[in-house]
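# A structural walkthrough
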Amino acid sequence: MNALVLGFAESRSSAAALAEQLAVPCDEVDVHRFPDRESLIRVPRSAGTVILHRSLDDPNAKLIELILAASAARDGGAQRVVLVAPYLAYMRQDIAFKPGEAVSQRVIGKLIAAHFDGIVTVDPHLHRVATLAEAVPGIPAIALSAAPVLASAIETEQNPVIVGPDSESRQWIESIARPLGLDMLLGSKERFGDRRVALSIAGIEKTKGRTAILVDDVISSGETLIAAACALREAGARRIEALATHCLASAEDIARMKASGIARIVSTDSIPGPTCGPTLAPLLADALKSSGLLQT
């Protein structure tokens, strides 16, 4: 297989894990940032198919560097450049909620489609579009679910209750709870700003004396999980844990979540950080192998 994985310094271990699953070489993109904050990008080598691996947390600089790396790989002879972005930013803004707002999903989706021959991501935060292909048009666009990976972090002998904090989390709690035969509850949420939410959970009394595991796709500030944890604690839950595909929370936010009563917070390795647990590499590798994106 004439393929190569190229990663970046902040997530070299995740890129290496993907390369190992694919049985292809792995190398690191060299990034030099000038005092004026421009980036000089250098790829150490290329191949027929180059897989650029990078999550798009803190996306503004990363997007430009990815596009430059894709161009350098093509200049080096790559016939196909595939983006593996375990976390894909700018997907939630799919309409203009107020006059004058940019529809970032549409803009970033077209930008990615213009520079890559395919994209693989995990649990993108889509609202009013049914598929990732609608957001990233014209190239193979694969959105994977991390539910099986998150399920591997659950200790089923405790007979925990799987709790989704809001309606958007239904797909994850169902995909995790049903195969494991676990009880599940779904909350409803009203948001008053980036850091103010009100939350209620129907049937919350079932968590009394039991372990409750909150499941969501993204932890941003952690306010939703904090509100859920407070409700679960008041309902008598014996222990509260949280699982998420992506954790964007700061160290201060993580400390606040733990102070609210969440004993364990686990996310996948989509974004490096203190909550990282199970790796997405096998899931990503299987998708690349079955999609035909590795063929040149």
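So, a few notes on the structure that sits alongside this text. These numbers come from a predicted model, not from an experiment.

Calculation criteria
- Residues numbered from 1 in each chain as written.
- Predicted model: local features only at pLDDT ≥ 70, side-chain atom pairs only at ≥ 80, totals over all residues.
- Heavy atoms only, no water.
- Axes fitted to C-alpha atoms, helices over the stretch in contact; angles between N-to-C directions.
- Helix = DSSP H or I, 4+ residues; strand = E, 2+ residues; numbered from the N terminus.
- Parallel < 35°, antiparallel > 145°, perpendicular 65-115°, else oblique.
- Left-handed = near helix turned anticlockwise from the far one by under 90°.
- Contact = heavy atoms within 4.5 Å.
- Nonpolar A, V, L, I, M, F, W, Y, C, P; charged D, E, K, R; others polar.
- Core = buried A, V, L, I, M, F, W, Y, C linked by side-chain atoms within 4.5 Å.
- Buried < 20%, exposed > 50% of the residue type's maximum accessible area, 1.4 Å probe, protein only.
- Pairing = 2+ DSSP bridges.
- Expected span 1.5 Å × (residues − 1).
- Phe/Tyr/Trp six-rings, centres within 6.5 Å; stacked < 30°, edge-to-face > 60°.
- Lys NZ or Arg CZ within 6 Å of the ring centre and 35° of its normal.
- Salt bridge = Lys/Arg side-chain N within 4 Å of Asp/Glu carboxyl O.

Before going further, it helps to spend a moment on the packing of helix α1 (residues 12–22) against helix α9 (residues 281–291). Interaxial distance between α1 and α9 falls to 9 Å at its minimum, and their mutual angle equals 50°. Here α1 is positioned oblique relative to α9, judged by the angle of their axes. Both α1 and α9 take part in a crossing whose hand is right-handed. From α1, A17, L18, Q21 and L22 reach across to α9, where they touch A281, P282, L284, A285, L288 and K289. Here the contact of α1 with α9 is built from residues that sort into eight nonpolar, one polar and one charged.

Turning our attention to the nonpolar core. Core analysis: the biggest nonpolar cluster contains 38 residues, and L22, V120, V215 and L288 have the highest contact counts within it. Ignoring sequence-local partners within four residues, the contact set of L22 consists of M1, V5, I51, A285, L288, K289 and L294. With 35 residues, the next largest nonpolar core counts F8, V50, L56 and M91 among its residues.

Mapped onto the fold, A212 is located in strand β12 (residues 211–219). Along the chain, A212 and A229 lie 17 residues apart, while their C-alpha atoms are 9.0 Å from each other. Other than its neighbours up to four places away in sequence, A212 contacts V161, V163, T207, L232, A237, R239, I240 and E241.

Now for the sheet that holds strand β7 (residues 118–122). Spatially, six strands are ordered β2-β1-β5-β6-β7-β8 in an open sheet, and the strand pairing comes out parallel. Every interior strand has two partners, whereas the edge strands, β2 (26–28) and β8 (141–144), have only one. Strand after strand, the sheet turns through a mean of 20° between neighbouring axes, direction not considered. In this sheet, strand β6 (residues 80–85) lies alongside strand β5 (residues 49–53) in parallel orientation, the contact comprising five bridges. In the strand pairing of β6, I51 is matched with V82. Its contacts with the sheet put α1 on β1 (3–7), β2, β5 and β6, and the angle it makes with β5 is roughly 145°.

Each turn of an α-helix holds 3.6 residues, which means side chains three or four residues apart point in the same direction. Between its first and last C-alpha, helix α2 (residues 59–75) extends 24 Å over 17 residues, near the 24 Å set by a 1.5 Å rise per residue. Residues P59, K62, L63, E65, L66, I67, A69, A70 and A73 constitute the buried set of α2. Contact partners of the buried residues in α2: β3 (30–33), β4 (39–42), β5, β6 and α3 (104–115). Just beyond α2, the residue with positive phi is G77, at close to 115°.

Turning our eyes to something else, we now look at the packing of aromatic side chains. Tallied over the full model, the rule gives zero aromatic pairs. In this structure, R54 packs its charged tip against the face of F8, placed 3.9 Å from the ring centre.

Tallied over the full model, the rule gives 16 salt bridges. Its salt-bridge partner being E10, residue R54 comes within 2.8 Å of it at the nearest N-O pair. Residue R54 is located in the loop between β5 and α2, and its partner E10 is located in the loop between β1 and α1; the two are separated by 44 residues in the primary sequence. Residues R210 and D183 are paired through a salt bridge, measuring 3.1 Å at the closest nitrogen-oxygen approach. Within this pair, whereas R210 is found in the loop between β11 (196–201) and β12, its partner D183 is found in strand β10 (residues 183–193), the two being separated by 27 residues in sequence. Because the salt bridges share partners, they merge into one network encompassing E10, R33, R54, D57, K62 and E65.

Along the chain, the position of A85 falls in strand β6. For A85, a relative accessible area of 0% corresponds to the buried category. When the C-alpha atoms of A85 and R54 are compared, they prove to be 5.1 Å apart, with 31 residues separating the residues in sequence. Every residue in contact with A85, bar those within four places of it in the chain, is listed here: R54, V120, T121 and V122.

Our next topic: the packing of α2 against α3. Where α2 contacts α3, the axes come no closer than 10 Å and their chain directions differ by 15°. With respect to their mutual orientation, α2 and α3 come out roughly parallel. For α2 against α3, the interelement crossing comes out left-handed. Residues L63, I67, A70 and R74 of α2 lie in contact with α3, whose contacting residues are I108, L111 and H115.

Everything listed here is a matter of coordinates, which is why it stays silent on function.
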